[in-house]
Amino acid sequence: MRIDIITVLPRLLESPFNDSILKRAQDKGLVTVKVHDLREYAHNKHRSTDDYAFGGGAGMVMTIEPIHLCIQKLKEERTYDEVIYMSPDGEMLTQSISNQISLQQNLILLCGHYKGVDERVREHLITREISIGDYVLSGGELAAAVLADSVIRLLPGVLSDETSALTDSFQDGLVAPPVYTRPAEYNGWKVPDVLLSGHSGKIEEWKHDQALERTRKRRPGLLKL
Ligand code: SAH
């Protein structure tokens, strides 16, 4: 998979992709993440990528030309499955969207800033809009990193134990059961006996019951789907 991220603040995207699982995924060649500085596509005197809004109002708007030139250049090099704009009013990101996107080959993620992008970008250059929740961030970079992380960890070979992603919350319509590790007793607080029983059938049953109970309490909406 290849992910191209377009931003005016490339530095904001350095650390999320340079540690742990996301870094290893790139080192193993399972994903290529390239960050593009939009300013390099701004051919005006000050390399500016935003301007005042027509009709007035507070906040700058990102101009269409640098975004268009950057997307065009990328599209000359390969075909993209989606050109995604990170946007608070987009489709709300869910595990099933991440699952679906993880099957794609080439993605562009466009990060907005200020008041967002000129609407014509959304009308003509974007194929999909994704939000990470009903709140407003100052830029799309953190949202793009969230989307990329949730997708990359699903790629075959990225997690050391392939089944791990499958037992995470939402994959089977339930949230994950509680987990424990050594010591079996700490400060008088004990691990449930069943987990120490070595009886795999009973353990699986317990995990399923716990997941169901947690889902009922925390995400009852999942059970109604
Ligand atoms: N004026 C816009 C918000 C702009 S916030 C509005 O009211 O809808 C600036 C940028 O941050 C956006 O262009 C988008 O790329 C990003 N962003 C903010 N909140 C986001 C969210 N919840 N999910 C995804 N991207 C978000």
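Residues numbered from 1 in each chain as written. Predicted model: local features only at pLDDT ≥ 70, side-chain atom pairs only at ≥ 80, totals over all residues. Heavy atoms only, no water.

## Concerning the overall build of the protein
Okay, so step 1: Each helix and strand counted, the protein has eight helices and nine strands in total.
Okay, so step 2: Relative to a compact globule of 225 residues, whose C-alpha radius of gyration would be 17 Å, the protein shows 22 Å and is clearly more extended.
Okay, so step 3: Viewed in the frame of its principal axes, the protein has a C-alpha envelope of about 70 × 40 × 35 Å.
Okay, so step 4: Sorting the 225 residues of the protein into buried and exposed places 38% on the buried side.
Okay, so step 5: Residue pairs at least 24 apart in sequence account for 76% of intrachain contacts in the protein once pairs closer than 6 positions are excluded. (Helix = DSSP H or I, 4+ residues; strand = E, 2+ residues; numbered from the N terminus. Rg over C-alpha atoms; globule rule 2.2 N^0.38 Å. Buried < 20%, exposed > 50% of the residue type's maximum accessible area, 1.4 Å probe, protein only. Contact = heavy atoms within 4.5 Å.)

## Here we look at the domain arrangement of the protein
Okay, so step 1: Here the protein is partitioned into domain 1 (2-152) and domain 2 (169-224).
Okay, so step 2: Using only C-alpha atoms to locate each centre, domain 1 and domain 2 end up separated by 37 Å. (Domains from an automatic or database assignment.)

## Regarding the sheet that holds strand E1 (residues 2-7)
Okay, so step 1: As summarised here, the arrangement of the five strands in space is E2-E1-E6-E5-E7, forming an open sheet in which the pairing is parallel. Lying at the two open borders of the sheet, with one neighbouring strand each, are strand E2 (32-37) and strand E7 (128-131). Averaged over all pairs of adjacent strands, the angle between their axes in this sheet comes to 30°, without regard to strand direction.
Okay, so step 2: Pairing geometry for strand E5 (residues 82-92) and E7, over five bridges, is parallel. Note on E7: the bridge partner recorded for Glu 91 is Ile 130.
Okay, so step 3: Packed on one face of the sheet, helix H2 (residues 64-77) meets E1, E2, E5 and strand E6 (106-110) and runs near 165° to E1. (Pairing = 2+ DSSP bridges. Axes fitted to C-alpha atoms, helices over the stretch in contact; angles between N-to-C directions.)

## Describing the side chain of Arg 122
Okay, so step 1: By secondary structure assignment, the location of Arg 122 is in helix H4 (residues 119-124).
Okay, so step 2: Here Arg 122 falls in the buried class, since its relative accessible area comes to 19%.
Okay, so step 3: In this structure the side chain of Arg 122 is engaged in a polar contact, spanning 3.4 Å, whose partner is the side chain of Ser 87.
Okay, so step 4: Setting aside residues up to four positions removed in sequence, Arg 122 forms contacts with Tyr 85, Ser 87, Asp 89, Val 117 and Glu 129. (Polar contact = N/O pair within 3.5 Å; in protein donor to acceptor, adjacent residues only side chain to side chain.)

## Quick word on the nonpolar core
The nonpolar side chains of soluble globular proteins are, as a tendency, buried together.
Okay, so step 1: With 27 residues, the main nonpolar core has Ile 3, Ile 5, Phe 17, Leu 147 and Ile 152 as its most contacted residues.
Okay, so step 2: Elements represented by at least two residues in this core include exactly E1, helix H1 (20-27), E5, helix H3 (95-101), E6 and helix H5 (141-152).
Okay, so step 3: Of the residues forming this core, the biggest block, seven residues, is contributed by H5.
Okay, so step 4: Formed by 18 residues, the second largest nonpolar core is a distinct cluster that contains Ile 71, Tyr 80, Tyr 85 and Leu 125. (Core = buried A, V, L, I, M, F, W, Y, C linked by side-chain atoms within 4.5 Å.)

## Description of the pattern of salt bridges
Okay, so step 1: Going through the model one piece at a time under the given rule, you end up with 13 salt bridges.
Okay, so step 2: Between Arg 78 and Glu 77 there is a salt bridge whose closest N-O contact spans 3.4 Å.
Okay, so step 3: A salt bridge links Asp 89 to Arg 122, with the nearest nitrogen and oxygen atoms 2.8 Å apart. Placement of the pair is Asp 89 in strand E5 and Arg 122 in helix H4, with a sequence separation of 33 residues.
Okay, so step 4: With a relative accessible area of 56%, Asp 89 lands in the exposed category.
Okay, so step 5: Beyond isolated ion pairs, a larger network of salt bridges with shared partners links Arg 2, Asp 4, Lys 73, Glu 77 and Arg 78. (Salt bridge = Lys/Arg side-chain N within 4 Å of Asp/Glu carboxyl O.)

## Description of the site of the ligand
Okay, so step 1: The local shell around the ligand holds 20 residues, among which Tyr 85, Met 86, Gly 112, Gly 133 and Tyr 135 are the closest.
Okay, so step 2: Note that an oxygen atom of the ligand is positioned 2.7 Å from one of the side-chain N or O atoms of Tyr 85.
Okay, so step 3: For the ligand, whose free accessible area comes to 560 Å², the fraction covered by protein is 85%.
Okay, so step 4: Those elements giving two or more residues to the shell around the ligand turn out to be E5 and E7.
Okay, so step 5: No other element matches E5, which puts four residues into the shell around the ligand.
Okay, so step 6: Looking at the shell around the ligand, its residues break down into 10 nonpolar, nine polar and one charged. (Near = heavy atom within 4 Å. Areas by Shrake-Rupley, 256 points an atom, 1.4 Å probe, with all protein chains shown as cover. Nonpolar A, V, L, I, M, F, W, Y, C, P; charged D, E, K, R; others polar.)

## Overview of H5
Okay, so step 1: Between its first and last C-alpha, H5 extends 16 Å over 12 residues, near the 16 Å set by a 1.5 Å rise per residue.
Okay, so step 2: Buried within H5 we find Glu 141, Ala 143, Ala 144, Ala 145, Leu 147, Ala 148, Ser 150, Val 151 and Ile 152. (Expected span 1.5 Å × (residues − 1).)

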